Amino acid sequence: NVTRKAFAEALKAIPEAKVSFDEQMSRSEYLALLADTQISVACYGAGFHSYRYWEIPYYGALLLTQPSPLLIPHNFRQRKHMLFFTTPDDLVETARWAIDHPVESSEMAHAATLHLLQYHLTIHRAQWLTQVMEAHCLQQTARQLLRFPF
């Protein structure tokens, strides 16, 4: 498993890249930096997912991330909303493409922001969970009725 540090080191090969790894900053400084960023990277940390995955498109930057094995309803799609990478070399190649194609990168970032606002706000999570719970309750009720017919 490649560490985030290896990805950060690989990005140093791109002169335009500002690598902020292990840099201490306040939440407001971080959000100001993110709001001023055109392309940002979200790598695995302790798990397959982090807030970065959602913050990056929310603040309008193009998301570069590793493919996740997690099931995410209405997930972002490759080359429509964001770009995947798998290895440090792949990250450099992907980031270089995004930098060299600012119009396409900006369009993907904008599409991701709109997609996030349509499907991934807290209200959407609550609606999805409610639907799952309702389906489960209906399934349990149907099972009980089948066991104890009137």
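An account of the accompanying structure is given in this report. Everything numeric here is computed off the predicted structure, so don't read it as measured data.

## A short note on the sheet that holds strand β2 (residues 62-65)
So, point 1. In space, the 3 strands of this open sheet follow the order β1-β2-β3, with parallel pairing throughout. Every other strand in the sheet has two partners, leaving β1 (39-42) and β3 (82-84) as the edge strands with one partner each. Strand-to-strand twist of the sheet, defined as the mean angle between neighbouring strand axes without regard to direction, takes the value 25 degrees.
So, point 2. Of the pairings in the sheet, the one linking β2 to β3 comprises 3 bridges and is parallel in character. The partner of Leu-64 across the bridge, within β3, is Leu-83.

## Brief notes about the environment of Leu-64
So, point 1. Relative to the helices and strands, Leu-64 resides in strand β2.
So, point 2. By relative accessible area, which is 0% here, Leu-64 ends up buried.
So, point 3. For the pair formed by Leu-64 and Trp-97, sequence separation is 33 residues and the distance between their alpha carbons is 11 Å.
So, point 4. Contacts of Leu-64, omitting those with residues within four sequence positions, involve Ile-39, Ser-40, Val-41, Ala-42, Leu-83, Phe-85, Leu-91, Thr-94 and Ala-95.

## A short note on unusual backbone geometry
So, point 1. A positive phi angle, close to 55 degrees, is found at His-74, a residue other than glycine.
So, point 2. The backbone phi angle of Arg-79 is positive, close to 65 degrees, even though this residue is not glycine.
So, point 3. Tracing the backbone shows Arg-79 in the loop between β2 and β3.

Definitions and limits used
- Residues numbered from 1 in each chain as written.
- Predicted model: local features only at pLDDT ≥ 70, side-chain atom pairs only at ≥ 80, totals over all residues.
- Heavy atoms only, no water.
- Pairing = 2+ DSSP bridges.
- Helix = DSSP H or I, 4+ residues; strand = E, 2+ residues; numbered from the N terminus.
- Axes fitted to C-alpha atoms, helices over the stretch in contact; angles between N-to-C directions.
- Buried < 20%, exposed > 50% of the residue type's maximum accessible area, 1.4 Å probe, protein only.
- Contact = heavy atoms within 4.5 Å.

By themselves, these are just geometric observations and shouldn't be taken as functional.
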